[in-house]
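The primary structure of each chain is shown beneath.
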Amino acid sequence: MDGFYLVDVVSKTTIQLMKQPWEIQDFLTSENGQLHIDDVKAVELAKEFGSPLFVFSEGRIKHNIARLRRVETVIDCPLKICYAAKALSNMAILRAVREAGSDLEVNSGGELWKALKAGFRGDQIIFNGTSKEVWEIEMAVEAEIYAIQVDSLYELSLISDTAKRLGKRANVSLRLVPEIETNTHSGLQTALLTSKFGMMPDEAFAAFREYKDSPELNLAGVHLHIGSQNPEPDVYTEALEILFANLLLVYKETGVKLSHINLGGGFPVNYSRGNTYPELPEKAQKEMEDILEKGYIESKYSDGRVIRSPIPKEWVESAAREKMFAADYEPDSAIADAWKQLRAKASETGAEELIDGLTVLLEPGRSIIADAGICLTTVRNIKERPISNISDSMKSYGEAKLEADKEKSENGLNLSFGMYATGFSFTDPAITSERWLLTDAGFNILLSMETYKWYYQLVSAQRSDADHDSPYKVAGPLCDGGDVYFDIEGEGRLPDHRSLPEDVQPGEVLALLNCGAYSFAQAMEYNGRFLPAMVMIKENGDPELIRKRDTFEDLIRNDL
Ligand SMILES: Cc1ncc(COP(=O)(O)O)c(C=O)c1O
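This report concerns the structure included in the present document. (Residues numbered from 1 in each chain as written. Predicted model: local features only at pLDDT ≥ 70, side-chain atom pairs only at ≥ 80, totals over all residues.)

## Details of helix H4 (residues 109-117)
- When we look at burial in H4, the residues that qualify are Glu111, Leu112 and Ala115. Taken end-on, H4 shows its buried residues confined to a sector of 105 degrees, consistent with a single buried face.
- Among the structural elements, helix H3 (91-99), strand S8 (103-106), strand S9 (125-127) and helix H5 (134-142) are those in contact with the buried residues of H4.
- Once H4 ends, the next one or two residues include Gly119, with phi positive near 100 degrees. (Buried ≥ 20, exposed ≤ 12 C-beta atoms within 10 Å, placed from the backbone. Helix = DSSP H or I, 4+ residues; strand = E, 2+ residues; numbered from the N terminus. Arc of directions from axis to C-beta. Contact = placed C-beta atoms within 7 Å.)

## Quick notes on the sheet that holds strand S13 (residues 260-262)
- Taken together, the eight strands give a closed barrel; going around it, the order is S7-S8-S9-S10-S11-S12-S13-S16, and neighbouring strands pair in parallel fashion. When the angles between neighbouring strand axes are averaged without regard to direction, this sheet yields 30 degrees.
- Summarising the sheet, S9 and strand S10 (residues 147-150) pair through two bridges and their orientation is parallel. Each bridged residue has a counterpart across the sheet, and for Phe127 the counterpart in S10 is Ile148.
- Strands in contact with helix H7 (residues 201-211) are strand S11 (170-175) and strand S12 (217-223); relative to S12, the strand with the most contacts, it is inclined by about 160 degrees. (Pairing = 2+ DSSP bridges. Axes fitted to C-alpha atoms, helices over the stretch in contact; angles between N-to-C directions.)

## Quick look at the sheet that holds strand S5 (residues 40-41)
- Strand order in this open sheet of three strands is S3-S4-S5, and the pairing throughout is antiparallel. On the outer flanks of this sheet lie strand S3 (28-31) and S5, each paired with one strand and no other.
- Direction of pairing for S3 relative to strand S4 (residues 34-37): antiparallel, over a ladder of four bridges. Within S4, the position partnered with Leu28 by the bridge is Ile37.

## Focus on the site of the ligand
- For the ligand, the set of nearby residues contains 18 residues, the closest of which are Ala84, Ser228, Gly265, Gly365 and Arg366.
- Partitioned by chemical class, the residues of the shell around the ligand number five nonpolar, ten polar and three charged. (Near = placed C-beta within 6 Å. Nonpolar A, V, L, I, M, F, W, Y, C, P; charged D, E, K, R; others polar.)

## Concerning unusual backbone geometry
- With an omega dihedral of 0 degrees, the bond running from Ser51 to Pro52 counts as a cis peptide bond.
- Relative to the assigned elements, Pro52 resides in the loop between helix H1 (42-49) and strand S6 (53-57).
- In this structure, Lys453 is a non-glycine residue whose phi angle is positive, near 55 degrees.
- Tracing the sequence through the fold places Lys453 in the loop between helix H14 (447-451) and strand S19 (458-460).
- Exposure remark for Lys453: the 17 C-beta atoms within 10 Å place this residue in the partly exposed category.

## What to know about the pairing of strand S16 (residues 359-362)
- Summarising the sheet, strand S7 (residues 79-84) and S16 pair through three bridges and their orientation is parallel. Looking at the pairing, Leu79 lines up with Val360 of S16.
- Of the pairings in the sheet, the one linking S13 to S16 comprises three bridges and is parallel in character. Paired with Asn262 across the two strands is Leu361, which belongs to S16.

## What about the packing of H5 against helix H6 (residues 153-166)?
- Following both chains from N to C, one finds H5 and H6 inclined at 55 degrees, their axes separated by 10 Å at the closest point. Taken as axis vectors, H5 and H6 run oblique relative to one another. Between H5 and H6 lies a crossing whose hand is right-handed. Along its contact with H5, which presents Val134, Ile137, Glu138, Val141 and Glu142, the element H6 presents Leu158, Ile159, Thr162, Ala163 and Leu166.
- For the contact of H5 with H6, the residue count by class is seven nonpolar, one polar and two charged. (Parallel < 35°, antiparallel > 145°, perpendicular 65-115°, else oblique. Left-handed = near helix turned anticlockwise from the far one by under 90°.)

## Brief notes about H6
- Between its first and last C-alpha, H6 extends 20 Å over 14 residues, near the 20 Å set by a 1.5 Å rise per residue.
- Looking at the residues trailing H6, positive phi occurs at Gly167, about 70 degrees. (Expected span 1.5 Å × (residues − 1).)

## Details of the nonpolar core
- Residues Ala42, Val55, Val172 and Leu376 are the most contacted members of the largest nonpolar core, which totals 134 residues.
- By residue number, the principal contributor to this core is helix H8 (residues 235-254), which donates nine residues.
- In contact with Ala42, not counting residues within four places along its chain, are Leu35, His36, Ile37, Val55, Leu376, Ala461, Val509 and Ala511. (Core = buried A, V, L, I, M, F, W, Y, C linked by C-beta atoms within 7 Å.)

## A few points about the pairing of S11
- Counting buried residues in S11 gives six out of six residues, a clear majority hidden from the surface.
- Residues Ala170, Val172 and Leu174 of S11 are buried on one face, and the alternating residues Asn171, Ser173 and Arg175, pointing to the opposite face, are buried as well.
- As paired strands, S10 and S11 are joined by three bridges and run parallel to one another. From the neighbouring strand, Val150 faces S11, where its bridge partner is Leu174.
- Assessed by its sense of winding, the connection that carries the chain from S10 through H6 to S11 is right-handed.
- Here S11 pairs with S12 via six bridges, running parallel. By the bridge assignment for S12, Ala170 is matched with Leu217. (Right-handed = clockwise from strand over helix to strand, strands pointing away.)

Right, dumping it as structure tokens:
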């Protein structure tokens with residue numbers, strides 16, 4: 001039977017047959033060859049609101065918050081979800097998040113101002129950041145927010161002075177740097193000593209000792225954030241362990257009973273879902289995993305010699321990258337295991353009373369907004385380039401590699417693994433040129449595609465049912481050679497070609513999936529490009545413009 005079965009993770013009940021692997025029931029669907037978002041035809045949206053266009057689903061945002069809310073069922077204390085505004089802080093999105101029952105994490109006075117304007121109360125807001133200025137601290141203290149997350153002892157003294165001056169008591173939570181490594185992108189690691197965030201546990205104890213009776217500071221909690229797009233759920237066990245150890249030590253050493261612990265964000269989104277890369281045969285997959293686990297390749301010779309050689313760095317990086325983009329686990333199951341261990345520790349140490357009255361905080365950004373946002377982009381230009389000139393040497397390299405891979409796969413080891421394997425062999429002499437598509441969405445609105453080589457699945461919005469089996473080089477509109485949908489350095493950190501239906505022509509609308517987080521939030525006017533419009537499909541099915549496209553005037557608004 002053709003198609004894919006999907007199980008709704010929230011209700012765990014509905015099972016539906018989907019035609020495309022990237023479809024998400026009741027949200028992202030392919031009907032009559034057309035991409036639909038919440039039952040609205042994507043192409044119609046691009047026609048009405050222009051392109052490029054970010055489209056968000058209110059229903060999906062609510063679904064994602066409900067999914068995170070399930071964490072409450074596996075811990076035996078209250079849960080406070082604080083959406084990380086940095087992922088996207090458009091006002092309508094903030095309001096939708098608030099209405100869905102989430103509180104908010106902000107990172108600057110600007111985000112705090114937006115939070116208050118969007119209707120969040122002070123006790124619904126927490127404030128992170130490494131370089132808070134006095135005016136920002138004043139705003140936070142005045143607004144009596146739930147917690148200012150403190151990044152250093154120096155900052156704590158600033159908060160104390162500010163609260164004293166204002167005649168208020170500030171709620172604070174100390175951000176720890178717990179030395180937990182996660183296999184995410186290096187730029188998304190935030191819990192290592194080499195990262196710029198947080199305080200050493202010793203410094204935190206010094207702070208508790210010094211300020212425990214302070215009339216200006218209410219030392220309410222401890223906080224950590226391991227990193228974003230964490231591929232393995234067990235980092236949350238480590239994180240809870242560390243938070244609990246600190247909770248216990250603070251109590252023993254200073255008598256302070258903390259009222260909350262904050263586990264940060266970092267739950268992953270499966271960016272590879274729907275990628276139709278060829279699967280490795282099971283045997284080869286297993287062998288590859290074994291090799292990666294052992295850390296070396298073992299070759300056995302007929303004379304009995306066994307030689308171990310190191311794994312090429314690219315293999316290791318490629319495997320880690322794949323795992324990161326395809327990470328997919330339920331936040332409640334990650335926390336359930338972690339919580340059980342915390343409970344066991346608490347009863348071992350006779351410290352169960354420290355859990356009574358405790359609130360657990362989460363700060364998810366990506367897992368709320370990433371898959372709720374799609375970027376529609378139109379092909380604006382097309383060209384054909386011969387591949388032979390540039391790739392004679394690459395071609396012979398390719399041929400040699402193909403041979404080597406073939407040989408190895410005959411030995412049961414297929415090296416051409418990975419989400420970026422296109423299935424096309426440009427070593428085929430019949431293929432002499434490649435087709436380029438130039439879209440209107442570049443790294444000005446998807447910066448992470450350039451800085452982190454972040455992968456966004458690309459599908460045709462108007463031929464969503466067609467086979468996506470023709471290779472194209474895809475690039476954005478910027479006058480910048482790095483504005484391409486592949487890794488220009490040739491290091492394979494993005495697919496070299498994108499697979500789309502045959503004969504894509506200018507005017508065809510394409511959709512980049514899972515684009516809601518850290519995309520528009522980092523957008524810029526580079527090359528004089530207008531910041532795009534945004535639409536949200538409301539729960540009643542109506543598309544609502546939630547951000548106007550910039551105009552000429554916006555380009556010079558603040559220039560004097
Ligand atoms: C302190 C803090 N909390 C929460 C988040 C949100 O992380 P994510 O979007 O991965 O859930 C971040 C982003 O990296 C962060 O730095």
